[in-house]
Amino acid sequence: MASSSLVLPSISLSRSSISTSMDFKNEIPRISMKNLDRGRRVFMSIAVGSQTTVVDDALFKDYKPSRAFLFPGQGAQAVGMGVEAQKVPAAAELYKRANDIMGFDLLDVCINGPKEKLDSTVLSQPAIYVTSLAAVEVLRARDGGQGIIDSVDVTCGLSLGEYTALAFAGAFTFEDGLKLVKLRGEAMQDAADAAKSAMVSIIGLDSEKVQQLCDAANQEVDEENKVQIANFLCPGNYAVSGGLKGIEAVEAKAKSFKARMTVRLAVAGAFHTSFMDPAVSRLEAALASTELRTPRIPVISNVDAKPHADPNTIKEILARQVTSPVQWETTVKTLLTKGVEKCYELGPGKVIAGIVKRMDKSADIENIGA
């Protein structure tokens, strides 16, 4: 559910120009002074005018989170989302801007469906991206909301949600992010159509047991039907992707491995595996022509559960994301271990809040819908 490359703007280090404020206009926020202070390993060639700034990819390596924004991925969509956003002008405006890129009324599909249409990969991904950023505007309009937004010092998103997180962190504009997400959905759908593949959630097993289950299934199928863990979601919940026969073998063997249940996922195909290889080159081309800047706060990658600062590295990782397992369990565990005080899930559904609570019942997480 996929990646990127470009030139950094010059960064002014005058304190007056460094800000943590954010909106989704064409301006890109500056890197916060707090994050610059943390990244003492960063090397910068800062000059006048057109010269670019070179940023060490490890700028955010030692981040210390206090408040985090978490954005959902595909599967969070639901008919009726976007209704609350219409009460906030800035949020409603995002849907209008999206229409120009999508070429149709995205809000109408979000609010009225039908469900089958909204659930499609090509529509659900842009719809969730826009609705999640609309949720930021809903929060901003709330009493004290701007203060919460300004206090956020790390962000991440589940698969597709990584693009939303990058947009929030100012790595690219709202419009550029939506164009990437639109193409990502189309490329993933086309890749899925090219082969018979599927995904299934395995409930009630640890990751080691799920790997053993995959190994057992792979002994019974040919190379084209091999399976692998594609989403390390949280303890006891891992998604397996692969060829259709391999997925059927996993389902048939799951009980013998003491799995509580299996749930076939309503997705187009085997996301986050080599089945998505055809999508990578299209994403690479789109990312190469997209202006991407260093995020103003750490954005945790799905591929390696680490924050990256170098735009070209971020692009490469985004391109690999569609064929790489999602390291969401490690991401959340790291945030909790590093002492994050409060998390916000922004967008449709409450899947992420459920995951965080499963990993730490005492975790403080609030859902902001739109």
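Residues numbered from 1 in each chain as written. Predicted model: local features only at pLDDT ≥ 70, side-chain atom pairs only at ≥ 80, totals over all residues. Heavy atoms only, no water.

Chemist: Looking at this structure, how should I read the overall build of the chain?
Modeler: Along its length, the chain carries 14 helices and nine strands. The buried share of the chain, taken over its 370 residues, is 57%. Element-wise, carbon and sulfur atoms account for 50% of the exposed surface of the chain, whose accessible area totals about 14,800 Å². (Helix = DSSP H or I, 4+ residues; strand = E, 2+ residues; numbered from the N terminus. Buried < 20%, exposed > 50% of the residue type's maximum accessible area, 1.4 Å probe, protein only. Areas by Shrake-Rupley, 256 points an atom, 1.4 Å probe, with all protein chains shown as cover.)

Chemist: Please clarify how the sheet that holds strand β2 (residues 154-157) should be interpreted in this entry.
Modeler: Strand pairs in the sheet, formed through backbone hydrogen bonds, run parallel or antiparallel to each other. Read from one edge to the other, the open sheet built from five strands follows the order β7-β2-β1-β8-β9, with strand pairing classed as parallel. Sheet topology places β7 (299-300) and β9 (365-368) at the edges, where each strand pairs with a single neighbour. Of the strands in this sheet, β1 (67-71), β8 (342-346) and β9 touch helix α5 (residues 121-141), which is tilted by about 125° from β8. Most of the contacts of helix α7 (residues 161-168) go to β2, to which it runs at about 150°, and overall it touches β1, β2 and β7. (Pairing = 2+ DSSP bridges. Contact = heavy atoms within 4.5 Å. Axes fitted to C-alpha atoms, helices over the stretch in contact; angles between N-to-C directions.)

Chemist: I would appreciate a short explanation of empty space enclosed by the protein in the present structure.
Modeler: Rolled over the atoms, a probe sized like a water molecule indicates the empty space that remains. The computed volume of the largest cavity comes to approximately 60 Å³. In this structure, the largest cavity is lined by E162, L166, V299, S301, H308, I314, I317 and L318. Where the lining of the largest cavity is concerned, the elements lending two or more residues are α7 and α12 (311-321). Per-element accounting of the lining of the largest cavity gives the leading share, three residues, to α12. When grouped by side-chain class, the residues that make up the lining of the largest cavity number five nonpolar, two polar and one charged. (1 Å grid on protein atoms, 1.4 Å probe; cavity = no way out; pocket = protein on both sides within 12 Å on 5 of 7 lines; lining within 4 Å. Points joined across faces, edges and corners; volume = space filled by probe spheres on them. Nonpolar A, V, L, I, M, F, W, Y, C, P; charged D, E, K, R; others polar.)

Chemist: Help me understand the packing of aromatic side chains in this model?
Modeler: Counted under the stated rule, the structure contains six aromatic pairs. On the basis of an interplanar angle of 45° and a centroid distance of 4.9 Å, the ring pair of F69 and F168 is categorised as tilted. Highlighted residues: F69 in strand β1 and F168 in helix α7, separated in sequence by 99 residues. The exposure classification of F69 matches that of F168, with both residues buried. Linked through ring pairs, F69, F71, F168 and Y344 together constitute an aromatic cluster. (Phe/Tyr/Trp six-rings, centres within 6.5 Å; stacked < 30°, edge-to-face > 60°.)

Chemist: Would you mind showing me how to read the environment of I247 here?
Modeler: Structurally, I247 can be placed in helix α10 (residues 244-253). As for I247 and A270, which are separated by 23 residues in sequence, their C-alpha atoms are 9.6 Å apart. Leave out the neighbours within four places in its chain, and I247 touches A198, M199, V200, V227, V240, S241, G242 and R264.

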